[in-house]
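Remarks on the overall topology
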Amino acid sequence: MESKGVCAMNFQERQASLKRLIIEKQLSHYIILGMVILNVLTLFLLSQKEEKWILIPQYDVSHRVVVTSDGYTDQYFKDLAHGALVHLLTVNPTIVQRQVQLFREFVRTGSAAEHYLKKHQKYVIDNSVSMAFYPKDYDVDQSQKTIRVKGELKYWFGGGKMPINKPITFILKYTIVGKQLVLIKDIREESAMPDNEGERI
């Protein structure tokens, strides 16, 4: 009789332990499910949040350019146009080939910009021209992917000491490829660049 009572107690204890294990298991499942839902919600909220990066040019550490997860700002394109045109149009016959070659890294292959670079290099070398470009005003149209740059071009023919000053406006067209890489696909002048032969580069 006593052994039956002990067996009954052991059975009840085991049953109680089993119930506790089942409850704990169910509770752990609910906790894991809650964590999964919380992680999914966190990822969703983070994906909706705008991220910002600040670019600092190597040679102008006081300058700041903001790029967001929503895309490029107008200031980014203004800085792009400024650097590109100053780099390309501040040249002489000695360095123009190197400058054009470096500029090609930012140009889409097979685009109209490549044709412009060839003409520019030939113009500078054939006419022994030294020039410098000073941008003054920028107008960015991201819907048309264009940057309009007004400025002044100073240039010297041969060994001339007095520069010729010419107000000029350039239109840069760009494209965005791959992982948001910006490439220039066209460069053209709104007004002709004068020279000693009346040819436009």
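Note: the structure precedes this text.
Next up on the list: the packing of helix α3 (residues 96-103) against helix α4 (residues 112-126). Closest axis-to-axis distance for the α3/α4 pair is 10 Å, and the angle between their directions is 170°. Here α3 is positioned roughly antiparallel relative to α4, judged by the angle of their axes. Counting all contacts with α3, which are made through V96, Q97, V100 and F103, the residues of α4 involved are L117, H120, Q121, V124 and I125. Here the residues of the contact of α3 with α4 sort into six nonpolar, three polar and no charged.

Attention now moves to the pattern of salt bridges. Scanning the entire structure with this criterion turns up three salt bridges. For the salt bridge of D126 with K122, the shortest nitrogen-to-oxygen distance reads 2.7 Å. Of the two residues, D126 and K122 both sit in helix α4, four residues apart, roughly one turn of that helix. For K122, a relative accessible area of 54% corresponds to the exposed category. With a shortest N-O distance of 4.0 Å, K136 and E152 are connected by a salt bridge. In this pair, K136 sits in strand β4 (residues 129-141) while E152 sits in strand β5 (residues 146-157), placing the two residues 16 residues apart along the sequence.

This part covers the side chain of E189. Take E189: it is sitting in strand β7 (residues 181-189). Here E189 falls in the buried class, since its relative accessible area comes to 3%. Of the polar contacts made by the side chain of E189, one reaches the side chain of Y116; its length is 3.5 Å.

So, about the sheet that holds β5. Sheet strands pair via backbone hydrogen bonds, and the direction of the pair is either parallel or antiparallel. The antiparallel open sheet is built from four strands, whose spatial order is β4-β5-β6-β7. Unpaired on one side and paired on the other, β4 and β7 mark the two borders of the sheet. Looking at each pair of strands side by side, their axes are set apart by 30° on average, direction ignored. Across 12 bridges, β4 lies against β5 in antiparallel orientation. The partner of M131 across the bridge, within β5, is Y155.

This next bit is on a nonpolar patch on the surface. Taken together, L27, I31 and M35 make up a surface patch of nonpolar side chains, about 310 Å² in accessible area. For M35, the position within the fold is in helix α1 (residues 2-48).

Turning our attention to the nonpolar core. Across soluble globular proteins, nonpolar side chains show a tendency to be buried alongside one another. In this structure, L89, M131, F170 and I187 are the most contacted members of the largest nonpolar core, which totals 34 residues. Of all the secondary structure elements, the ones that give two or more residues to this core are α2 (74-89), α3, α4, β4, β5, β6 (164-177) and β7. For this core, the element with the most residues is α2, which contributes seven residues.

Cut-off values and rules
- Residues numbered from 1 in each chain as written.
- Predicted model: local features only at pLDDT ≥ 70, side-chain atom pairs only at ≥ 80, totals over all residues.
- Heavy atoms only, no water.
- Axes fitted to C-alpha atoms, helices over the stretch in contact; angles between N-to-C directions.
- Helix = DSSP H or I, 4+ residues; strand = E, 2+ residues; numbered from the N terminus.
- Parallel < 35°, antiparallel > 145°, perpendicular 65-115°, else oblique.
- Contact = heavy atoms within 4.5 Å.
- Nonpolar A, V, L, I, M, F, W, Y, C, P; charged D, E, K, R; others polar.
- Salt bridge = Lys/Arg side-chain N within 4 Å of Asp/Glu carboxyl O.
- Buried < 20%, exposed > 50% of the residue type's maximum accessible area, 1.4 Å probe, protein only.
- Polar contact = N/O pair within 3.5 Å; in protein donor to acceptor, adjacent residues only side chain to side chain.
- Pairing = 2+ DSSP bridges.
- Patch = residues over 30% accessible without salt bridge, like charges linked within 9 Å, V, L, I, M, F, W, Y side chains within 5 Å.
- Areas by Shrake-Rupley, 256 points an atom, 1.4 Å probe, with all protein chains shown as cover.
- Core = buried A, V, L, I, M, F, W, Y, C linked by side-chain atoms within 4.5 Å.

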